[in-house]
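# Working through the structure, step by step
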Amino acid sequence: MGMVKVVGLVLHPRRDCGAAIDAIVRWAQARDVTVLGLHDEITRIDCEAVAVSTEEMVERAGLLVSLGGDGTMLRTMRLVEGRKTPVLGVNVGRLGFLAEVDLPDLAGALSMIDEHKFTIESRTAVRTVLPGGKEVSAFNDIALVRVPGDGLAHIGINVEGSNFVRYAADAVIVATPTGSTAYSFSAGGPIVSPNVEGILVSASAAHSSFNRSLMLSPDERLELEVAATSGRLAIEVDGIIQGHAGAGDHLKIIPVPAAAQVIRFGGTSFYERARRKLRVEGSAQVSGGEPGDAVVVDSFEQSRYEILLGGELAGALHYRRAGGRIELAHTEIDQAFEGRGLAGRLASAALGDARRRSTPVLVTCPFVAGWVQRHPEFSDVLDTGGTPS
């Protein structure tokens, strides 16, 4: 990647990206670099970026910067699918796995780009044609998901033209290696190194005797066949419903190697990121009748417990470890996920984890303090002696 002359910005639809945009615009002005934004995103804010169409941005930009969370990063990769334009993911706001840098590190990241101190990694996509004829691509996963109130997903997995197995499940998920730690992971699938070329097929809450994941080579022909006995299914592409499928529909899955290029600074390895996702607490029913795929994990590089819902980050409980104990300091739930009892799930998981590790707990988070009063069975974990150093 030579000197970039044009940078395109892709923004989270709701989060405030102002500080990030200002930092990028300042960096760009000092280098005579043009900053482009999408019409419908940039008109909301007062900034120096030039508003253009998606086509023009993809055509002109030598670098795309995704400002937001995982959803924004996935959308940015889908925009430049098949092009060599590298994508830098910046995590704006609280939570995200795919982004390479958090907002406070943005200035440093931009100067590392100036100094060419980065690597570019390619990402595989999976593509399919929906029953209505629309072509879609995903960088995490394509999932056929049971519609509440309808029957199970009964899906035949056809490999190289013949039926290999049939799943009966709440969902059948086709994931890339990147997507192995998203929805597929919460369905019990394996963690796949991003250096593996392959496609992962997993079933969520399988009712069939066969419930294992399959790993296919990218050059093996894969087709999902919705059986006559199946209920109506939603087709989720990177977590967004793009269509529906029913009995008799066939979806051919086409892997697209090197469909996008992402910038890495080598700060955390894939395995460090994956370790965050190792479960602290198994999946159980979430109050409010949500499907039981809320999972709490210890994201220890960031000193927080995270709660994932359908593979998406829904909230976090920040902690500090010092002097052999843990301080539970602050709980936050993403607005989109409020009112589902997730903060209580975080509190009980964090306290349960401390109990298993025999770690005394100091609570400075007002929410957790109130929660412990309502759940005195956890009072034995609390460190009642002294104040934190």
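Here, every reference points to the structure presented above.
It should be emphasised that the depicted structure is a prediction, and the values quoted were computed from it without experimental measurement. (Residues numbered from 1 in each chain as written. Predicted model: local features only at pLDDT ≥ 70, side-chain atom pairs only at ≥ 80, totals over all residues. Heavy atoms only, no water.)

### Details of the overall build of the protein chain
Basically, it comes down to this: Helix and strand assignments follow DSSP, with helices taken as H or I runs no shorter than four residues and strands as E runs no shorter than two, numbered in order from the N terminus. Only protein chains enter the accessibility calculation, which uses a 1.4 Å probe; a residue is then buried when its area is under 20% of its type maximum, exposed when over 50%, and partly exposed in between. Contact definition: two residues touch when any of their heavy atoms are within 4.5 Å. Only the protein chains shown count as cover for residues, and the accessible areas themselves come from Shrake-Rupley with a 1.4 Å probe.
Counting secondary structure elements, the protein chain contains nine helices and 24 strands. Taking all 389 residues of the protein chain together, 54% fall into the buried category. Of all intrachain contacts in the protein chain linking residues separated by at least 6 positions in sequence, the fraction that spans at least 24 positions is 62%. In the structure as shown, the protein chain presents an accessible area of about 16,900 Å², 50% of it carried by carbon and sulfur atoms.

### Observations concerning the packing of aromatic side chains
Here is the rule: Any pair of Phe, Tyr and Trp rings, taking the six-membered ring for Trp, is counted once the centres come within 6.5 Å. Such a pair is stacked with planes under 30 degrees apart, edge-to-face with planes over 60 apart, and tilted for the rest.
Per the stated rule, a full pass over the model turns up four aromatic pairs. Relative to Phe210, the ring of Phe164 lies with its centre 6.5 Å away and its plane at 90 degrees, an arrangement referred to as edge-to-face. Of this pair, Phe164 sits in strand β11 (residues 162-169) while Phe210 is found in the loop between β13 (199-204) and β14 (214-216), placing the two residues 46 residues apart along the sequence. By relative accessible area, which is 26% here, Phe210 ends up partly exposed.

### Brief notes about the packing of helix α1 (residues 18-30) against helix α5 (residues 106-114)
Here is the rule: Lines fitted to C-alpha atoms define the axes here, with helix axes fitted over just the stretch in contact, and angles between the N-to-C directions of these axes take values from 0 to 180 degrees. When an angle is under 35 degrees it counts as roughly parallel; over 145 it counts as roughly antiparallel; between 65 and 115 it counts as roughly perpendicular; any other value is oblique. We call a crossing left-handed when the near helix sits turned anticlockwise from the far one by less than a right angle, and right-handed when that turn is clockwise. Note on residue classes: Ala, Val, Leu, Ile, Met, Phe, Trp, Tyr, Cys and Pro are nonpolar, Asp, Glu, Lys and Arg are charged, and everything else, Gly too, is polar.
Between α1 and α5, the least distance of the axes is 10 Å, while the angle of their chain directions is 30 degrees. Comparing their axes, α5 and α1 come out roughly parallel. You can see that α1 and α5 cross each other, and the crossing is right-handed. Mapping the contact onto sequence places Ala20, Ala23, Ile24 and Trp27 in α1 and Leu106, Leu110, Ser111 and Asp114 in α5. Tallied by class, the residues present in the contact of α1 with α5 amount to six nonpolar, one polar and one charged.

### Considerations on the pattern of salt bridges
Between side chains of opposite charge, a pair can form when the charged atoms approach closely. Cut-off, in case you're wondering: Should a side-chain nitrogen of Lys or Arg be within 4 Å of a carboxyl oxygen of Asp or Glu, the pair is scored as a salt bridge.
Scanning the model with the defined rule gives 21 salt bridges in all. With its nearest N and O atoms 3.3 Å apart, the salt bridge here joins Asp298 to Arg357. Of this pair, Asp298 sits in strand β20 (residues 290-299) while Arg357 sits in the loop between α8 (342-356) and β24 (361-363), and the two are 59 residues apart along the sequence. In this structure Arg357 comes out as partly exposed when scored by relative accessible area, which is 45%. For Asp383, the salt bridge is made with Arg325, and the minimal N-O distance between the two is 2.4 Å. Taken together, the positions of Asp383 in the segment after α9 (366-374) and Arg325 in strand β23 (residues 325-333) put the pair 58 residues apart, joining distant regions of the chain. In this pair, the class of Asp383 matches that of Arg325, namely buried. Salt bridges sharing common partners tie together Asp298, Arg321, Asp353, Arg356 and Arg357.

### Let's talk about the nonpolar core
For the record, the criterion: Put simply, a nonpolar core is a bunch of buried Ala, Val, Leu, Ile, Met, Phe, Trp, Tyr and Cys residues held in one set by side-chain atoms that sit within 4.5 Å of each other.
Counting residues in hydrophobic clusters, the biggest one holds 31 residues, and the most contacted among them are Val65, Leu67 and Leu88. Counting residues per element, the ones that place at least two in this core are β1 (6-11), α1, β4 (63-68), β5 (86-91) and α5. Among the elements that make up this core, the one with the highest residue count is α1 (seven residues). Setting aside anything within four residues of it in sequence, one finds Leu88 in contact with Leu63, Leu64, Val65, Ser66, Glu100, Val101, Ile113, Ile263 and Phe265. Counting residues in hydrophobic clusters, the runner-up holds 29 residues, among them Val159, Leu224, Ile235 and Leu251.

### A word on the environment of Lys117
Within the secondary structure, Lys117 sits in the loop between α5 and β7 (119-129). In this structure the C-alpha to C-alpha distance between Lys117 and Arg264, which are 147 residues apart in sequence, comes to 9.2 Å. Those residues within four positions of Lys117 in sequence are excluded, and the remaining contacts are Met112 and Phe265.

### Here's the deal with the pairing of strand β9 (residues 141-146)
We apply this condition: We call two strands paired when DSSP finds no fewer than two bridges between them.
Counting buried positions along β9 gives five out of six residues, so the element sits mostly inside the fold. For β9 and strand β12 (residues 171-175), the ladder comprises five bridges, and the chain directions are antiparallel. By the bridge assignment for β12, Ile142 is matched with Val174.

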